[in-house]
Amino acid sequence: LCNPADKVLSDDLIALPHLDEPNVLHSLAQRYQVDRVYTYTGPILVAFNPWKRLDLYGDATLQAFLRAGGNVRAADSDLPPHPFAIAAA
């Protein structure tokens, strides 16, 4: 069984309809391919080393998470998984 294409890049693995090892690994690999190196699995942040520089820690990113305050993980938040979100929690 495969997850629907619209769910594969989900920010939270809990949103996957099929939460088995092959589907989780596939989702993580797909996210890695598009430089989404952080993924939630419930309250846990999964991180992969991208082995290249990504602009993930700049002032604009920090300010976006600071403005969101404690609502970073809210369903209506458009902020991606990030260590700044864990720090804000």
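Throughout this document, residue positions are counted from 1 along each chain, in the order its sequence is written. Reporting of local features is limited, given that this is a predicted model, to residues whose pLDDT is at least 70; pairs of side-chain atoms are given and counted only at 80 or more, and all residues count toward the totals for whole chains, interfaces and linings. Heavy atoms from the whole structure form the basis of all side-chain values; hydrogens and water molecules are not counted.

Asker: Mind laying out helix α2 (residues 21-33), listing which residues take part and the relevant values?
Answerer: Helical segments are the DSSP runs of H or I of at least four residues, strand segments are the runs of E of at least two, and each set is numbered from the N terminus. Expected span of a helix, by definition, is 1.5 Å for each gap between consecutive residues, and there is one gap fewer than residues. Here α2 is 13 residues long and its end C-alpha atoms lie 18 Å apart, about the 18 Å a rise of 1.5 Å per residue gives. All buried positions along α2 are accounted for by Asn-23, Val-24, Ser-27, Leu-28 and Arg-31. All buried residues of α2 project into a common sector of 135° when viewed along the axis, lining one side. Of the exposed residues in α2, the ones pointing more than 90 degrees away from its buried face are Glu-21, Pro-22 and Gln-33. Note on contacts: a residue pair qualifies if any of its non-hydrogen atoms lie within 4.5 Å across the two residues. On its buried side, α2 packs onto α1 (5-8), β1 (38-41) and β2 (44-47). Relative accessible area decides the class of each residue, using a 1.4 Å probe on protein chains only: under 20% of the type maximum gives buried, over 50% gives exposed, and in between gives partly exposed. The arc under discussion is defined with respect to the helix axis, by the directions toward the C-beta atoms.

Asker: A description of the environment of Ile-14 should follow, citing residues and the corresponding values.
Answerer: The residue Ile-14 is located in the loop between α1 and α2 in this model. The residues touching Ile-14, leaving out its near neighbours within four places in the chain, are Leu-19, Thr-41 and Gly-42.

Asker: Outline the pattern of salt bridges, supporting the account with residue identities and numerical values.
Answerer: Oppositely charged side chains may form a pair once their charged atoms are brought near each other. Criterion for a salt bridge: a side-chain nitrogen of Lys or Arg within 4 Å of a carboxyl oxygen of Asp or Glu. Summed over all chains, the structure comprises two salt bridges. Its salt-bridge partner being Asp-11, residue Arg-31 comes within 3.2 Å of it at the nearest N-O pair. Residue Arg-31 is found in helix α2, and its partner Asp-11 is found in the loop between α1 and α2; the two are separated by 20 residues along the sequence. Overall, Asp-11 belongs to the partly exposed group, its relative accessible area being 32%. With a shortest N-O distance of 3.1 Å, Asp-35 and Lys-52 are connected by a salt bridge. Taken together, the positions of Asp-35 in the loop between α2 and β1 and Lys-52 in the loop between β2 and α3 (59-68) put the pair 17 residues apart, joining distant regions of the chain.

Asker: Describe in detail the environment of Val-24, supporting the description with residues and values.
Answerer: Within the secondary structure layout, Val-24 lies in helix α2. Here the alpha-carbon distance between Val-24 and Asp-59, two residues 35 residues apart in the chain, equals 32 Å. In contact with Val-24, not counting residues within four places along its chain, are Leu-13, Leu-16 and Leu-19.

Asker: Would you mind going over the environment of Arg-36 in detail, with residue names and values included?
Answerer: Structurally, Arg-36 is set in the loop between α2 and β1. On the basis of relative accessible area, Arg-36 is assigned to the partly exposed category, the value being 37%. Placed eleven residues apart in sequence, Arg-36 and Ala-47 show a C-alpha to C-alpha distance of 9.2 Å. Setting aside chain neighbours within four positions, we find Arg-36 in contact with Leu-9 and Arg-31.

By themselves, these figures tell us nothing about what the structure is for.
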